Each structure stands twice: as structure tokens, then as C-alpha cells.
Amino acid sequence: PKPSFIGQKIIMRLVFSIRLVMLSEDNLITSVSNQFFKFWSKTAMTTTASDPIDLLCGSTYPTQLYDGIEVNTGLILFSSNQQFMLTTDSDEFSPDTAKINFLCSYNYNHKTVPFTLGTTAGFINSTGNNARFYEMASIQSNTEPEVQEQSKIIARLFPNNISMVTGSTENNLLLYGVDSTLHAATNEVWGYKWFQAGDKRAQSAWFRWTLPNNVVFHTILDDVYYAV
């Protein structure tokens, strides 16, 4: 059978478990293992562990998949109002063992990308008057994760149209910006800094920078912050 993204819009491309992953509507499609451009099985008579995987992410809510981020237990998938996990209970990731489990239900701004904080994952929710930054910890395939709103302290100040997130796990730092070419022009960059002592978040703080001109793009590469 042909992969289900044929004739549909491909929303996002990812790499997971030595496979190229396509997100299309509410389907997740992977390539053949270790062959990124092959999406057809050798034969329809039998199934092998390296065959492509094509799974439907079903729910009572609209589940168009927009993005994903890899964690140690699988691949977290994000729709507008729910999160799922692509995982397996076996040591082998194959068409027979792969499955998509419901993880939690939080609104997600699909115009942004999920990001990592080292051992946890973060994402942006922009459904209210102000944006919210959620951090997801204790991510397991068979239990609900711990999700905390880390932006609560600046709830009335955080811009709703945050669209660019960059970070440095080595410096325990996240920076948030607004693309002034797509939204109302602004020269503000918001930052979240934390200190991790073992398993405990010992300290965390928010700050705001004002740049000389409106922000178009920013990123952190090799501990250097670049802003356009």
C-alpha cells in the first residue's frame, strides 16, 4: 500500500529511530529503517522489522499533527490541543510493535516549535490573551507526565504572539522572540534562566531584553547569541 501522505499535505518532517518521519494530517508515516527515501515495503506477503510504519492518531478531538520532539522513551507528537507519544513496548521498533499513546491534553501553538530543556521538553500555548510556557517532565509511555506552567509569574506580560524560541541547555537558558515580519513589530526578547541541582530546580528567573531594533530572527549557536 502507498504511504498515507500521498495526496495529502506534509506538515512536518522529523528523524526518529533511524527513520525519516512524515507528519500528514492525523497520520504518522516513517520510511524503511536506515533508508530515509524508501516508503514502500518489499512485499505485501510478509512484514519485516525494517518495513515502513504508517499509524493513525485517533481521538475525539481534531488531531492534525504539527510537530514532534524526541525523548528517551519515544517521540512526543503535538496537535493543537493534545499530545501523544510514538513508542514501543519492545526492544525493536517495527510495524508490529510501534504504537501511538495519548499523553496529555494541553493547547499548543502550532506556529512555534517544541524544544528541549535537557531532560525535559517545553512548548508554547497562545490561546489566551498572553502566551504560556509549559514544561513537561517525567515523560513515560504508560503514565501521565508532569506538566507545569513556568511562565505563571509573568502571566500578564508574556506576549501572545511569541513565535521564536531558542535555547542553550549548557547554559540553562531559553530566549523567546516575536517575528516582527509576521506580527506587530517589537524589539523585546524574553528570557528564562534556571539552575538545576540534581533532580531539583533550585532556582529560576525571567528577564527581558530590549534590542536596538525590531527582532526578525534569533538563535543560539555554540554559546553565542545571534539576533537579526
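A short tour of the structure in this document, coming up.

**Remarks on the packing of aromatic side chains**
Item 1. This model, assessed by the stated rule, comprises 22 aromatic pairs.
Item 2. Measuring from ring centre to ring centre gives 6.5 Å for Tyr106 and Phe123, while their planes differ by 65 degrees; the resulting arrangement is edge-to-face. With a gap of 17 residues between them, Tyr106 in the loop between strand S8 (98–104) and strand S9 (115–116) and Phe123 in strand S10 (residues 121–125) connect regions that are remote in the sequence.
Item 3. In this structure Tyr106 comes out as partly exposed when scored by relative accessible area, which is 27%.
Item 4. Note on Phe123: relative accessible area 0%, which makes it buried.

**Things to note about the layout of surface pockets**
Item 1. For the largest pocket, the calculated volume is near 410 Å³.
Item 2. Thr119, Thr120, Glu135, Ala137 and Ser138 are, among the 21 residues lining the largest pocket, the residues nearest its centre.
Item 3. Looking at the lining of the largest pocket, the elements that each hand over two or more residues are strand S5 (67–71), strand S11 (132–137), strand S12 (146–149) and strand S16 (200–210).
Item 4. For the lining of the largest pocket, the element with the most residues is S5, which contributes three residues.
Item 5. Grouping the amino acids of the lining of the largest pocket by side-chain chemistry returns five nonpolar, ten polar and six charged.
Item 6. Estimates place the volume of the second largest pocket at around 320 Å³.
Item 7. Around the second largest pocket, the lining is made up of 17 residues, and of these Pro1, Phe39, Ser41, Pro52 and Asp54 lie nearest the centre.

**Looking at the side chain of Thr87**
Item 1. Relative to the assigned elements, Thr87 resides in strand S7 (residues 83–88).
Item 2. A distance of 3.1 Å separates a polar atom in the side chain of Thr87 from the backbone oxygen of Thr73.
Item 3. Setting aside anything within four residues of it in sequence, one finds Thr87 in contact with Thr73, Phe93, Thr97, Ala98, Lys99, Asn101 and Ser141.

**Observations concerning the sheet that holds strand S6 (residues 74–78)**
Item 1. Taken together, the four strands give an open sheet; going across it, the order is S5-S6-S7-S8, and neighbouring strands pair in antiparallel fashion. Whereas interior strands pair on both sides, the edge strands pair on one side only; in this sheet they are S5 and S8. With direction set aside, neighbouring strand axes in the sheet form an average angle of 25 degrees.
Item 2. Note: S5 against S6, five bridges, orientation antiparallel. If you follow Asp67 over to S6, its bridge partner there is Phe78.

**Brief notes about the sheet that holds strand S15 (residues 188–197)**
Item 1. With antiparallel pairing, the four strands of this open sheet are ordered in space as S13-S14-S15-S16. Two strands in the sheet have a free side with no partner beyond their single neighbour: strand S13 (164–168) and S16. Shown here is a sheet whose adjacent strand axes are inclined to one another by a mean of 15 degrees, direction ignored.
Item 2. Here S15 runs beside S16; their pairing, made up of ten bridges, is antiparallel. If you follow Trp194 over to S16, its bridge partner there is Ser204.

**What to know about a nonpolar patch on the surface**
Item 1. A cluster of nonpolar side chains, contributed by Val15, Ile18, Phe36 and Phe37, occupies part of the molecular surface with about 450 Å² of accessible area.
Item 2. By relative accessible area, Phe36 is classed as partly exposed at 32%.

**Quick look at the environment of Glu149**
Item 1. Relative to the helices and strands, Glu149 is located in strand S12.
Item 2. For the pair Glu149 and Ile53, spaced 96 residues apart in sequence, the C-alpha to C-alpha distance is 34 Å.
Item 3. Dropping the residues within four chain positions of it, Glu149 is found in contact with Arg132, Phe133 and Tyr134.

Reading the values: the criteria
- Residues numbered from 1 in each chain as written.
- Predicted model: local features only at pLDDT ≥ 70, side-chain atom pairs only at ≥ 80, totals over all residues.
- Heavy atoms only, no water.
- Phe/Tyr/Trp six-rings, centres within 6.5 Å; stacked < 30°, edge-to-face > 60°.
- Helix = DSSP H or I, 4+ residues; strand = E, 2+ residues; numbered from the N terminus.
- Buried < 20%, exposed > 50% of the residue type's maximum accessible area, 1.4 Å probe, protein only.
- 1 Å grid on protein atoms, 1.4 Å probe; cavity = no way out; pocket = protein on both sides within 12 Å on 5 of 7 lines; lining within 4 Å.
- Points joined across faces, edges and corners; volume = space filled by probe spheres on them.
- Nonpolar A, V, L, I, M, F, W, Y, C, P; charged D, E, K, R; others polar.
- Polar contact = N/O pair within 3.5 Å; in protein donor to acceptor, adjacent residues only side chain to side chain.
- Contact = heavy atoms within 4.5 Å.
- Pairing = 2+ DSSP bridges.
- Axes fitted to C-alpha atoms, helices over the stretch in contact; angles between N-to-C directions.
- Patch = residues over 30% accessible without salt bridge, like charges linked within 9 Å, V, L, I, M, F, W, Y side chains within 5 Å.
- Areas by Shrake-Rupley, 256 points an atom, 1.4 Å probe, with all protein chains shown as cover.
- Salt bridge = Lys/Arg side-chain N within 4 Å of Asp/Glu carboxyl O.

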